[in-house]
Amino acid sequence: MSSAFQETYNLKELDRNGFITVIYNRYGKKLYSYAMHSWKLDEDAAWDLIYKTIYRVTESYAGYTFESEEKFASFIFRIFINYLRNHYRDHKGEKEFEFSAIDDADLSSKQSAEQEAAPSAKMKALNEVLDGMEDWERMLLLMRSEGMAYSEIAAYIDKPANQLKVYYQRLKEQLQKKLNERS
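What comes next is a walk through the structure. (Residues numbered from 1 in each chain as written. Predicted model: local features only at pLDDT ≥ 70, side-chain atom pairs only at ≥ 80, totals over all residues. Heavy atoms only, no water.)

1. Side note on the overall build of the protein chain
Consideration 1: If you tally the helices and strands in the protein chain, you get eight helices and zero strands.
Consideration 2: For the protein chain, the succession of helices and strands along the chain, N to C, is α-α-α-α-α-α-α-α.
Consideration 3: The buried share among the 183 residues of the protein chain stands at 28%.
Consideration 4: Excluding contacts between residues fewer than 6 apart, the proportion of contacts in the protein chain whose partners are at least 24 apart in sequence is 53%.
Consideration 5: Just so you have it, the protein chain exposes about 13300 Å², and 50% of that area is on carbon and sulfur atoms. (Helix = DSSP H or I, 4+ residues; strand = E, 2+ residues; numbered from the N terminus. Buried < 20%, exposed > 50% of the residue type's maximum accessible area, 1.4 Å probe, protein only. Contact = heavy atoms within 4.5 Å. Areas by Shrake-Rupley, 256 points an atom, 1.4 Å probe, with all protein chains shown as cover.)

2. Focus on the packing of helix α6 (residues 135-145) against helix α8 (residues 161-182)
Consideration 1: Direction vectors running N to C along α6 and α8 enclose 95 degrees, while the axes themselves pass 10 Å from each other. The angle between α6 and α8 falls in the class roughly perpendicular. Along its contact with α6, which presents W136, E137, L140, L141 and R144, the element α8 presents L164, Y167, Y168, L171, K172 and L175.
Consideration 2: A breakdown of the residues in the contact of α6 with α8 according to their chemical character gives eight nonpolar, no polar and three charged. (Axes fitted to C-alpha atoms, helices over the stretch in contact; angles between N-to-C directions. Parallel < 35°, antiparallel > 145°, perpendicular 65-115°, else oblique. Nonpolar A, V, L, I, M, F, W, Y, C, P; charged D, E, K, R; others polar.)

3. Some points on the layout of surface pockets
Consideration 1: Empty space within the largest pocket amounts to approximately 690 Å³.
Consideration 2: For the lining of the largest pocket, the secondary-structure elements that each account for two or more residues are α1 (16-38), α3 (69-100), α6, α7 (150-154) and α8. (1 Å grid on protein atoms, 1.4 Å probe; cavity = no way out; pocket = protein on both sides within 12 Å on 5 of 7 lines; lining within 4 Å. Points joined across faces, edges and corners; volume = space filled by probe spheres on them.)

4. Focus: the nonpolar core
Consideration 1: V57, Y61 and F72 are the most contacted members of the largest nonpolar core, which has 26 residues in total.
Consideration 2: Core analysis: the second largest hydrophobic core is formed by 14 residues, M133, L141, Y150 and I153 among them. (Core = buried A, V, L, I, M, F, W, Y, C linked by side-chain atoms within 4.5 Å.)

Here it is in structure tokens:
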């Protein structure tokens, strides 16, 4: 079938189920990987959001025009991100509830034990490596680890947003290399 070489948004000859199948085959694994690795969702929640996204795209894509397959992929990804954010917002209180179920006596004994324990050798090595970095490098590592977008980080760091990804990857490799050398 010629649909394998045609842009997804131009597959007008397919029926609804055929179009859903094409979207699933082209984007399902990418969305699944993103949900599992970036958002740490469980498998069932990830697939539920992927199916919601696919059905939403199927219902609404005809009302838009796309310049390229990349623009269409961005459209799908944006819908998926919105579902992920809604899921996170709706379920973030559940984890807090799990923690509040811990007995107060257990919590206070664990906290006192943690305070008495000296920092581990790995933590000391990490702090030493971080102390050797420039301020903007530490800020980049911290902000990116909190999930901030590079465009947002660029507002705080005097570096171009399109280069921050490269800097971040290099800093992670440098940090890991130095920590491995000290172990």
